[in-house]
Amino acid sequence: MSPRDGWPGPYRRADHEPVDGHPVDVAVDRRLPLKRLRRRIRAAERRLTDALGGRRTLWLRLEELLNEYRARREEAYFDLGWEQGAADGHAEAFRTLAGGPAPDPDARDARAFADRIRELAVQADLPAPLTVAALLETAWAFALGLANNPANRSQRRH
């Protein structure tokens, strides 16, 4: 569930240890240190605040707003990635339980189609009941319309 549903997102749920920063940020820093780049950024910030002199509060306010913007986007990226990964994991588990990979080219096309629909459903950012309702409405429309359509590929083969 997303924060919009009243529950904290995965990013906020991961913040359970008192450390120097959010645990995800600490892990990212370990994986991608970028120490030289961070040093260059700090030096550029010092040069900018020195150049601003008595008006440095302008930069500090802008930096504060930019940090808030970046933090919110980071959290949203993390949560979206988590949701996409969870949906992908559930789909793979379901496929495994349903009999594993099918060599049939149509089955591969169907998997790619299902993957795309799942991505769109996660990215729609709707409450789960509305997402499921939209998917069911679409399935229902196809179920009602395709059975009697002779142009349907599977109908032509049978």
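Residues numbered from 1 in each chain as written. Predicted model: local features only at pLDDT ≥ 70, side-chain atom pairs only at ≥ 80, totals over all residues. Heavy atoms only, no water.

S.K.: Break down the packing of helix H4 (residues 56-97) against helix H5 (residues 105-123) for me, with residues and values.
M.R.: Running from amino to carboxyl end, H4 crosses H5 at an angle of 145°, the nearest separation of the two axes being 10 Å. In this structure, H4 meets H5 at a crossing whose hand is right-handed. For the pair formed by H4 and H5, the contact residues are Leu80, Glu83, Gln84, Ala87, Asp88, Ala91 and Arg95 on the first element and Arg111, Ala114, Asp115, Arg118, Glu119, Val122 and Gln123 on the second. Across the contact of H4 with H5, the residue classes tally to 5 nonpolar, 2 polar and 7 charged. (Axes fitted to C-alpha atoms, helices over the stretch in contact; angles between N-to-C directions. Helix = DSSP H or I, 4+ residues; strand = E, 2+ residues; numbered from the N terminus. Left-handed = near helix turned anticlockwise from the far one by under 90°. Contact = heavy atoms within 4.5 Å. Nonpolar A, V, L, I, M, F, W, Y, C, P; charged D, E, K, R; others polar.)

S.K.: Please set out the confidence of the model for the chain residue by residue, giving values where relevant.
M.R.: Across the chain, the average pLDDT comes to 85, with 84% of residues at or above 70. At the low end of the mean pLDDT range in the chain sits helix H7 (residues 153-157), at 53; at the high end sits helix H3 (residues 35-52), at 94. (pLDDT = per-residue confidence, 0-100.)

S.K.: Report on a positive patch on the surface, specifying residues and quantitative values.
M.R.: A cluster of basic side chains, namely Lys35, Arg36, Arg39, Arg40, Arg42, Arg46 and Arg47, defines a positive patch on the protein surface. As for its placement among the helices and strands, Arg36 is situated in helix H3. In this structure Arg36 comes out as exposed when scored by relative accessible area, which is 65%. (Patch = residues over 30% accessible without salt bridge, like charges linked within 9 Å, V, L, I, M, F, W, Y side chains within 5 Å. Areas by Shrake-Rupley, 256 points an atom, 1.4 Å probe, with all protein chains shown as cover. Salt bridge = Lys/Arg side-chain N within 4 Å of Asp/Glu carboxyl O. Lys, Arg positive; Asp, Glu negative; His and termini not counted. Charge placed at Lys NZ, Arg CZ, Asp CG, Glu CD. Buried < 20%, exposed > 50% of the residue type's maximum accessible area, 1.4 Å probe, protein only.)

S.K.: Any details on the packing of H3 against H4? Residues and values, ideally.
M.R.: At a minimum axis distance of 7 Å, the contact between H3 and H4 shows a crossing angle of 140°. Taken together, the axes of H3 and H4 are oblique relative to one another. Here H3 contributes Glu45, Leu48, Thr49 and Leu52 to the contact with H4, which in turn contributes Arg56, Trp59 and Glu63. The residue makeup of the contact of H3 with H4, split by class, is 3 nonpolar, 1 polar and 3 charged. (Parallel < 35°, antiparallel > 145°, perpendicular 65-115°, else oblique.)

S.K.: Describe the environment of Ala87, listing the residues and the values that go with them.
M.R.: Locating Ala87 in the fold gives a position in helix H4. Sequence separation between Ala87 and Val122 is 35 residues, and the spatial gap between their C-alpha atoms is 7.8 Å. If we skip the residues at most four places from it in the chain, Ala87 touches Arg118 and Val122.

S.K.: Go over a nonpolar patch on the surface, please, and point to the residues and values.
M.R.: On the surface, a nonpolar cluster with roughly 420 Å² of combined accessible area is contributed by Val28, Leu32, Leu34, Leu37 and Ile41. Relative to the assigned elements, Val28 resides in helix H2 (residues 23-31). Judged by relative accessible area, which is 43%, Val28 ranks as partly exposed.

S.K.: Please provide a residue-by-residue account of the pattern of salt bridges, values included.
M.R.: On inspection of all chains with the given rule, the structure shows 9 salt bridges. For Glu75, the salt bridge identified is with Arg12, shortest N-O distance 2.8 Å. In this pair, Glu75 sits in helix H4 while Arg12 sits in helix H1 (residues 10-13), placing the two residues 63 residues apart along the sequence. With a relative accessible area of 12%, Glu75 lands in the buried category. A salt bridge links Glu92 to Arg95; the shortest N-O distance between them is 3.0 Å. Of this pair, Glu92 and Arg95 both sit in helix H4, 3 residues apart, which is roughly one turn of the helix. When its relative accessible area of 42% is taken as the criterion, Glu92 is described as partly exposed. When salt bridges with common partners are traced through the structure, they connect Asp88, Glu92, Arg95, Asp115 and Arg118 into a single cluster.

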